[in-house]
Amino acid sequence: MAMTVAQAESMASLNTDLFYDILRRLDGPSLASAACTCATFCSISREERLWENVCSTMWPSTNREDVKNLILYLGGFRKFYADCFPLIVNKEVSEYQWNEYQEYPEEWTEAEYYGDMDENENISPSDFVFIVDIRYKDKTICSKVLWGIPNADGYNGWFYNCPFRIDLLTYAARDDDDDSEVTLSVSDGLPPIASLERERKDGKLWWELRNGLQLSWIVVNKKIKQAANLASWSPLGGQRHWPTDKDFVIRFGSILPAKDILPCQVVECILSMKFRVIHTEGEGVQTTLKLTEVSMQLEDMEGSHVNGKNSLLILKEALSCRRSKNYSEVLESCHLYSKVQSELKEEKMRNESRLDRLCILSGIAAFMSFCYYVL
């Protein structure tokens, strides 16, 4: 007990500025943990400057003055970090029932399925802000901010009835002063490749991309003052040499709730990055990749694209869904969705196969009956 009292007196004798200098060097999780150790740290950790420093380190796009003003409007950097550091987890996929899914759409009217509901009138594309940061091996290579959803003005416009998709590099460049190309090279940590033929065999470049890239895609709704991170931080999958030999597609994302919005009840938010090989070592220069696409879209269980109206509702719903700091739990949620989706496709193929066999048998029976009466 005497040692505990001595430690407390020693802590109290230290200067508050020294404590602040210690805490400002911590990352978000460490700062949150330090705040639980004693009353002094708890008090100092409420300083917005500390959390502003944490956010700017983790999401460099928050260094922009317009984004800083937005975060202060939402409630401050501490709240912003608490909302956006944990990732979205949705385990309601396990409650999915085949029969309910197949019969449910018949109960929906066309207006309900395509989102022609009064609730859309309370959601505007201009309410949303997208804050995106891309890292490769802990180095930020791209930061973009998109205010509103492009080409979505007018309630009866094409956006509301067409598949929802955002191409970040196309639209964010209009608001950014820096429109330079985003590239990765050997100096950034890429492995040198002699040729694409060699890469197709060993896949070393693909492996480094899969393990080195990180994506944060934060969506903010200014009207309801809420924010959430739609990304999975690390890649969930991808495709090598697609659609051409020089392209690599990396996929991130999350599983979002769509209860009372779509019959399938859950959708997948797909965040894709595409890199193209523009130089190899065999060309006399170091291996270089160019970022050619950063996009976002929503797909339902059957792989159909969600339209603009329903996408707005789903994005708004995502801002209040469950989140977790446990990354393995996030991956489990995504893998569970993929498993159920695969089972759905297999079940659909089996049903179609049964129907094909029934049609063939019916045709044979009809032909035999025809031959019997003719002969």
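Residues numbered from 1 in each chain as written. Predicted model: local features only at pLDDT ≥ 70, side-chain atom pairs only at ≥ 80, totals over all residues. Heavy atoms only, no water.

**Focus: helix α6 (residues 65–74)**
An α-helical turn contains 3.6 residues, so any two residues separated by three or four positions project in the same direction. Rules: Throughout this description, buried means an accessible area under 20% of the type-specific maximum (1.4 Å probe, protein chains only), exposed means over 50%, and partly exposed covers the range between. Helix and strand definitions follow DSSP, with helices as H or I runs of at least four residues and strands as E runs of at least two, each counted in order from the N terminus. The directions from the helix axis to the C-beta atoms form the arc being described. Contacts between residues were defined by any pair of non-hydrogen atoms, one from each residue, lying within 4.5 Å.
Within α6, the full set of buried residues consists of Val67, Lys68, Leu70, Ile71 and Leu74. One side of α6 holds all its buried residues, which, seen down the axis, span an arc of 160 degrees. Looking at α6, the residues exposed on the side facing more than 90 degrees away from the buried face are Glu65 and Leu72. The secondary structure elements touched by the buried residues of α6 are α5 (48–58), α7 (77–84), β2 (128–136), β3 (139–147), β6 (213–221) and β7 (226–229). Once α6 finishes, Gly75 follows within two positions and takes phi at roughly 135 degrees, a positive value.

**Brief notes about the nonpolar core**
Filter applied, for reference: Grouping buried Ala, Val, Leu, Ile, Met, Phe, Trp, Tyr and Cys residues that are joined through side-chain atoms within 4.5 Å yields what is termed a nonpolar core.
With 68 residues, the main nonpolar core has Phe130, Ile134, Leu213, Trp217, Leu230 and Met296 as its most contacted residues. Element by element, the count of residues in this core is highest for strand β10 (residues 266–279), at 7 residues. In this structure, Leu230 is in contact with Ile88, Trp217, Val219, Gly253, Ser254, Leu256, Cys269, Leu271, Met296, Leu315 and Ala318, ignoring residues within four places of it in sequence. In this structure, Ala34, Leu50, Phe80 and Val330 belong to the second largest nonpolar core, which totals 32 residues.

**A few points about the packing of α6 against α7**
Basically, it comes down to this: To get an axis, a line is fitted to the C-alpha atoms, and for a helix only the part in contact is used. The angle between two axes follows their N-to-C directions and goes from 0 to 180 degrees. Should an angle fall under 35 degrees it is taken as roughly parallel, and over 145 as roughly antiparallel, whereas 65 to 115 is taken as roughly perpendicular and any remaining angle as oblique.
At a minimum axis separation of 8 Å, α6 and α7 run at an interaxial angle of 85 degrees. By the angle class used here, α6 and α7 are roughly perpendicular. Contact residues: Lys68, Ile71, Leu72 and Leu74 in α6; Phe77, Lys79 and Phe80 in α7.

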